[in-house]
Amino acid sequence: MRLGPDGLLRCGWVGDDAEYRRYHDEEWGRPLRGDRALFEKMSLEGFQAGLSWITILRKRPRFREVFAGFEPATVAAFDESDVERLMGDAGIIRNRAKILATIGNARLVTEMAPGELDAFMWSFAPASHRRPSSFAEVPATTTESDAMSQALRKRGFRFVGSTTMYALMQSSGMVDDHVVGCHRAAD
């Protein structure tokens, strides 16, 4: 737990960064629905692999700009010139494999019926989830994130490993890992 400058107790990972506090308080763990929103979350979590989330969070406005608001149909139409444009943009993570995965994943989303990605991803949310009493109790993966990862990979999605998908489940409210004592744990 960490006591913020506003006197509120927060999950220990938040640190002292004001943007991280805002993200923790207003977004992390709140249910996120919709194909576009979940495609964005999947994409950003994929870009985060191997990096810290604060890095992605600080670059998120630029990611949204250069990836057309993560509108799957628009991103699915990106071509090699878009890949080169993105590789030259210092405002994002310039990793060719992650960029190509985002474009490929967008193409897969466009092949799904409207609402299908949302329903598919939320189908892996556990029926019940015990709130962790400390950060040490927060897992890196679960049987549900393993299953989500495997099912997404079977459909052809990339950068959707179990650890990445558990982070998505946490951030999109499929599980609530605000630790006991966090002011958000009372929501």
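The structure this text deals with has already been given above.
No experiment lies behind these values; they were computed from the predicted model shown.

Caption draft 1: Representation of the overall build of the protein in the model. In terms of regular secondary structure, the protein is built from 9 helices and 2 strands. A compact globule built from 187 residues would reach a C-alpha radius of gyration of about 16 Å, and the protein, at 17 Å, matches this within 12%. Projected onto the principal axes, the alpha-carbon positions of the protein cover approximately 50 × 35 × 25 Å. Across the 187 residues in the protein, those meeting the buried criterion constitute 49%. Put simply, 67% of the contacts in the protein that link residues at least 6 apart link residues at least 24 apart. Just so you have it, the protein exposes about 8600 Å², and 53% of that area is on carbon and sulfur atoms. Placing the 25 positive and 26 negative side-chain charges of the protein at their respective mean positions leaves the two points 2 Å apart.

Caption draft 2: Spatial organisation of the packing of helix 5 (residues 80-87) against helix 6 (residues 96-110). The N-to-C vectors of helix 5 and helix 6 enclose an angle of 135°; their axes lie 10 Å apart at closest approach. In terms of their interaxial angle, helix 5 and helix 6 are classed as oblique. Every pair of crossing elements has a handedness; the one defined by helix 5 and helix 6 is right-handed. Facing Glu80, Val83, Glu84, Leu86 and Met87 of helix 5, the residues of helix 6 in contact are Arg96, Ile99, Leu100 and Ile103. Classifying every residue of the contact of helix 5 with helix 6 by side-chain character gives 6 nonpolar, no polar and 3 charged.

Caption draft 3: Examining the packing of aromatic side chains more closely. Using the criterion set out here, one finds 10 aromatic pairs in the structure. Relative to Phe67, the ring of Phe63 has its centre 6.2 Å away and its plane inclined at 20°; by these criteria the two rings are stacked. In this structure, Arg85 packs its charged tip against the face of Phe78, placed 5.3 Å from the ring centre. The side chain of Arg155 reaches across the aromatic face of Phe120, ending 4.2 Å from its centre.

What counts and what doesn't
Residues numbered from 1 in each chain as written. Predicted model: local features only at pLDDT ≥ 70, side-chain atom pairs only at ≥ 80, totals over all residues. Heavy atoms only, no water. Helix = DSSP H or I, 4+ residues; strand = E, 2+ residues; numbered from the N terminus. Rg over C-alpha atoms; globule rule 2.2 N^0.38 Å. Buried < 20%, exposed > 50% of the residue type's maximum accessible area, 1.4 Å probe, protein only. Contact = heavy atoms within 4.5 Å. Areas by Shrake-Rupley, 256 points an atom, 1.4 Å probe, with all protein chains shown as cover. Lys, Arg positive; Asp, Glu negative; His and termini not counted. Charge placed at Lys NZ, Arg CZ, Asp CG, Glu CD. Axes fitted to C-alpha atoms, helices over the stretch in contact; angles between N-to-C directions. Parallel < 35°, antiparallel > 145°, perpendicular 65-115°, else oblique. Left-handed = near helix turned anticlockwise from the far one by under 90°. Nonpolar A, V, L, I, M, F, W, Y, C, P; charged D, E, K, R; others polar. Phe/Tyr/Trp six-rings, centres within 6.5 Å; stacked < 30°, edge-to-face > 60°. Lys NZ or Arg CZ within 6 Å of the ring centre and 35° of its normal.

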